[in-house]
Amino acid sequence: MQGPRQEQDCGSDDDLFGEYDSFAEDPSLLAQMDCLEEKCIQEAASTLPLSQSPDPSNKFMTPLNPSKSTVRDKELLNHLKRNALLTEGNPDSWDLSDDLPCSQLLCYEDANPKSVTEQNLNERSSDKANPVYTSIASYINAKDGKTKSLRDSLKNTLAGNAKAHTPHISRTRQIKETIIMEELDVAQKTLEMSSEIDLGPFYGLPSKVAELIEHYRGIKKLYDWQHTCLTLESLRQRKNLIYSLPTSGGKTLVAEIVILQELLCRKRDVLMILPYVAIVQEKVRGLSSFGVDLEFLIEEYAGSKGRFPPIKRRTKKSLYIATIEKGHSLVNSLIETERISDLGLVVVDELHMLSEGSRGAILEMTLAKILYTSESTQIIGMSATLNNVGELQQFLKAEFYTDNFRPVELKEFVKLRDSIYEVDNKSENNFTLSRLLNYKYSSNMLRIDPDHIIALVTEVIPNQSCLVFCPTKRNCENVAEMICKYLNKAYLSHREAEKKALIDDLRNTGNGIMCSVLKRTIPFGIAYHHSGLTSDERKLVEEAYSSGVLCLLTCTSTLAAGVVNLPARRVILRAPYVAKDFLKRAQYKQMIGRAGRAGIDSAGESILILQEKEKEMARELVSKPPENCFSNLMHDCGKGFQSLLLSLIGLKVHIENAYTLHITIDSGTLL
Ligand SMILES: Nc1ncnc2c1ncn2[C@@H]1O[C@H](COP(=O)(O)OP(=O)(O)OP(=O)(O)O)[C@@H](O)[C@H]1O
């Protein structure tokens, strides 16, 4: 199991700043500062000649030996660094100025004037003209013979720095950074050119990876497009990439192989951003066995899970699997602790989510921050429904790959009254009559099921599978119950013992309590699937559906969103709505994309149930191209953009970049 392994690995690398944005309020940090301050004071007192001993009644003291106080400052800061900054390696080789956050760097440089170069000193002396900057050294205030509390001093420093202009980073630091960047660049190029990173024959990975994919996924051979994509020159050169293929085209596997290359060959951490908590959980579950076998860590960032900044690991690399919101916080915390370049790769599934309101804005901010702070972090985005690819490419500075491959043919239909029409975008009005429903409804039944859902599902179940997408969770449960009411008793005997076992399992996971709706519907092979299920319940329902014990799921749009791969012979959209909103093209495509089980069905079919008044909108829905992805940062008087700017300032991202951001975003599209 992944959990205990991660626990074990925490070790002494445990981070002092549990939440990245709670630094100022962190009582443990302040307590530690007090403790260190106390220690310094005592040490200083012990080094004083007797005649110069401080007044014991005076809480403050004056250092009479500046060189020793400087040493102690350095020790104090080294101690801080050891405890707070999570740096690995030999402590003796540390140079604090290399990786301190800006606010603490200022403290350090002021406290250690001798440790900086002449040039640097000159530069810092001009900084001193700015009264806003204070330093840890000022906790020992020689002028008035009093020592300020280190806690107060730290607070003042942080408050002062918050008010100040972004400081110039010292030349020494800039030079060091340039050298490091150049060295990294050379190393990177060498890695790219060298075959040594090819750990094995499977796209640079050991053949064990291919074995695991076959073992856990049942995939023996990659599709042609997958091979082409994985061998793209742009991927080899670690350029950013957007790729787009129809739903169920096998996009995820390509992303997973690239992720493994980054973790195992390049030995860098990876962030995978997925749209929903349930999908993150599913992905964590799906990849955990790979993590165990290939010795990397999988860290969940969804719901209440995830640490900021993440624990810095000694040897194993981490795959962070995160929701959009948690991914953003994770990136913030990595920028703040100057660890953003630890991220070798960021993969965004369902890239079209960029256009989804405030969530899209958060995703956009996350990607913008990565682009502006870490040139060495590769970004890969995938989606089945992209339109304005050129603009997205410009935003992500990415190459583009696309293919029309779909393993199983998809036939699209709509139902209007008792007629089924095939969606045919070549015909004049997009719909061509296919057939009439020939299921006899009593007047009573027609009143309860006016949309002929029972007629549509009984054409496929129980021997084949069916998904019925409903606009709301409540509707999922109602439709499941309604169908069961009219199914004949023969359905009860289909895989009866397994259904009974499923009910027992569900009861056990609920400590003897079970949802009454599921209790009534499961004997007919039917269940609902929505976010109201616990993750254990969901897992049991999904497994039962995948193995054919359940033949029909009524579900919300979440099931269509990707990782939960539960295809069906027939997909029915009970109405063209998600909650009260008319379906977007992307949502429609995602839902109907579940139709057709690769390796089982020769074709999949989708049926959208329409009312007369929805006909025209539906015509547009099935025929128009996917919606464009536009920036959401300028909505609501540019609140998102303001928030991005403030965040960049807070994270001390170079402000010039933010101006570039402003100019490009003014065009109304993505950055
Ligand atoms: N080379 C392959 N051979 C056989 N099956 C494959 C192959 N690649 C992927 N699959 C299977 O095809 C199914 C759909 O793949 P996947 O979920 O990766 O598609 P996708 O393009 O990401 O779809 P979506 O856009 O719906 O998320 C999965 O069950 C996956 O295991």
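Residues numbered from 1 in each chain as written. Predicted model: local features only at pLDDT ≥ 70, side-chain atom pairs only at ≥ 80, totals over all residues. Heavy atoms only, no water.

- Naming follows an unreviewed UniProt entry, where the protein appears as Helicase POLQ-like of Ranitomeya imitator.
- Regarding the protein, the UniProt comment filed under Catalytic activity (unreviewed entry) reads as follows: "ATP + H2O = ADP + phosphate + H(+)". (UniProt positions renumbered as here; feature names shortened; annotations may be inferred.)

**Some thoughts on the sheet that holds strand E11 (residues 419–423)**
Working step 1: Overall, mixed pairing links the eight strands, which are arranged E12-E11-E10-E19-E16-E13-E15-E14 in an open sheet. Each edge of the open sheet carries a strand with a single partner, namely strand E12 (431–436) and strand E14 (526–529). Geometrically, the sheet is characterised by an average inter-axis angle of 25° between neighbouring strands, direction not taken into account.
Working step 2: In this structure, E11 lies alongside E12, joined through five bridges in antiparallel fashion. Across the sheet, the residue bridging to valine 423 is phenylalanine 431, located in E12.
Working step 3: Taken strand by strand, helix H24 (residues 615–623) contacts strand E10 (409–416), E11, E12 and strand E19 (603–610), and its axis lies near 110° from that of E12. (Pairing = 2+ DSSP bridges. Helix = DSSP H or I, 4+ residues; strand = E, 2+ residues; numbered from the N terminus. Axes fitted to C-alpha atoms, helices over the stretch in contact; angles between N-to-C directions. Contact = heavy atoms within 4.5 Å.)

**So, the confidence of the model for the protein**
Working step 1: Across the protein, the average pLDDT comes to 75, with 67% of residues at or above 70.
Working step 2: Counting contacts from residues 1–37, a segment whose pLDDT is below 50, to residues more than four positions away or on other chains yields 72 contacts.
Working step 3: This model gives residues 44–148 a pLDDT under 50, and the stretch forms 167 contacts once residues within four places in sequence are excluded.
Working step 4: Across the whole predicted complex the pTM is 0.66, and at the interface the ipTM reaches 0.98. (pLDDT = per-residue confidence, 0-100.)

**Quick look at helix H23 (residues 585–592)**
Working step 1: Within H23, six of the eight residues are buried, which leaves it mostly tucked inside the rest of the structure.
Working step 2: All of the buried residues in H23 are Arg585, Ala586, Tyr588, Gln590, Met591 and Ile592.
Working step 3: Those residues of H23 that are buried are in contact with E10, strand E13 (466–469), strand E16 (570–573), strand E17 (577–578), E19 and H24. (Buried < 20%, exposed > 50% of the residue type's maximum accessible area, 1.4 Å probe, protein only.)

**Here we look at the packing of helix H13 (residues 277–294) against helix H22 (residues 535–546)**
Working step 1: H22 packs onto H13 with a crossing angle of 65° between their chain directions and a minimal axis gap of 12 Å. As judged from the angle between their axes, H13 and H22 are roughly perpendicular. Relative to H22, the crossing made by H13 is right-handed. Across the interface between the two elements, Ala278, Gln281, Glu282 and Arg285 of H13 pack against Ser535, Arg538, Lys539 and Glu542 of H22.
Working step 2: Of the residues assigned to the contact of H13 with H22, the class counts are one nonpolar, two polar and five charged. (Parallel < 35°, antiparallel > 145°, perpendicular 65-115°, else oblique. Left-handed = near helix turned anticlockwise from the far one by under 90°. Nonpolar A, V, L, I, M, F, W, Y, C, P; charged D, E, K, R; others polar.)

**Comments concerning the pattern of salt bridges**
Working step 1: According to the stated counting rule, one finds 24 salt bridges in the structure shown.
Working step 2: For the salt bridge of arginine 570 with glutamate 459, the shortest nitrogen-to-oxygen distance reads 2.6 Å. Of this pair, arginine 570 sits in strand E16 while glutamate 459 is found in the loop between helix H18 (453–458) and E13, placing the two residues 111 residues apart along the sequence.
Working step 3: For arginine 570, a relative accessible area of 4% gives the class buried.
Working step 4: The class for glutamate 459 is partly exposed, based on a relative accessible area of 35%.
Working step 5: The partner of arginine 619 in a salt bridge is glutamate 616, and the shortest N-O contact between them spans 3.1 Å. Taken together, the positions of arginine 619 and glutamate 616, both in helix H24 and three residues apart, correspond to about one turn of that helix. (Salt bridge = Lys/Arg side-chain N within 4 Å of Asp/Glu carboxyl O.)

**Digging into the packing of aromatic side chains**
Working step 1: The final tally for this structure, using the stated rule, is nine aromatic pairs.
Working step 2: Geometrically, the ring pair formed by phenylalanine 202 and tyrosine 203 is edge-to-face, given 5.1 Å between the ring centres and 80° between the ring planes.
Working step 3: For phenylalanine 202, a relative accessible area of 14% puts it in the buried group.
Working step 4: Ring geometry for tyrosine 301 against tyrosine 320: centres 5.7 Å apart, planes inclined by 90°, an arrangement best described as edge-to-face. Placement of the pair is tyrosine 301 in strand E5 (residues 297–301) and tyrosine 320 in strand E6 (residues 318–322), with a sequence separation of 19 residues. Each member of the pair, tyrosine 301 as well as tyrosine 320, is classed as buried.
Working step 5: Connected via pairs of aromatic rings, a cluster forms that spans Trp225, Tyr243 and Tyr401.
Working step 6: Over the face of the ring belonging to tyrosine 372 we find lysine 397, whose NZ or CZ atom lies 6.0 Å from the ring centre. (Phe/Tyr/Trp six-rings, centres within 6.5 Å; stacked < 30°, edge-to-face > 60°. Lys NZ or Arg CZ within 6 Å of the ring centre and 35° of its normal.)

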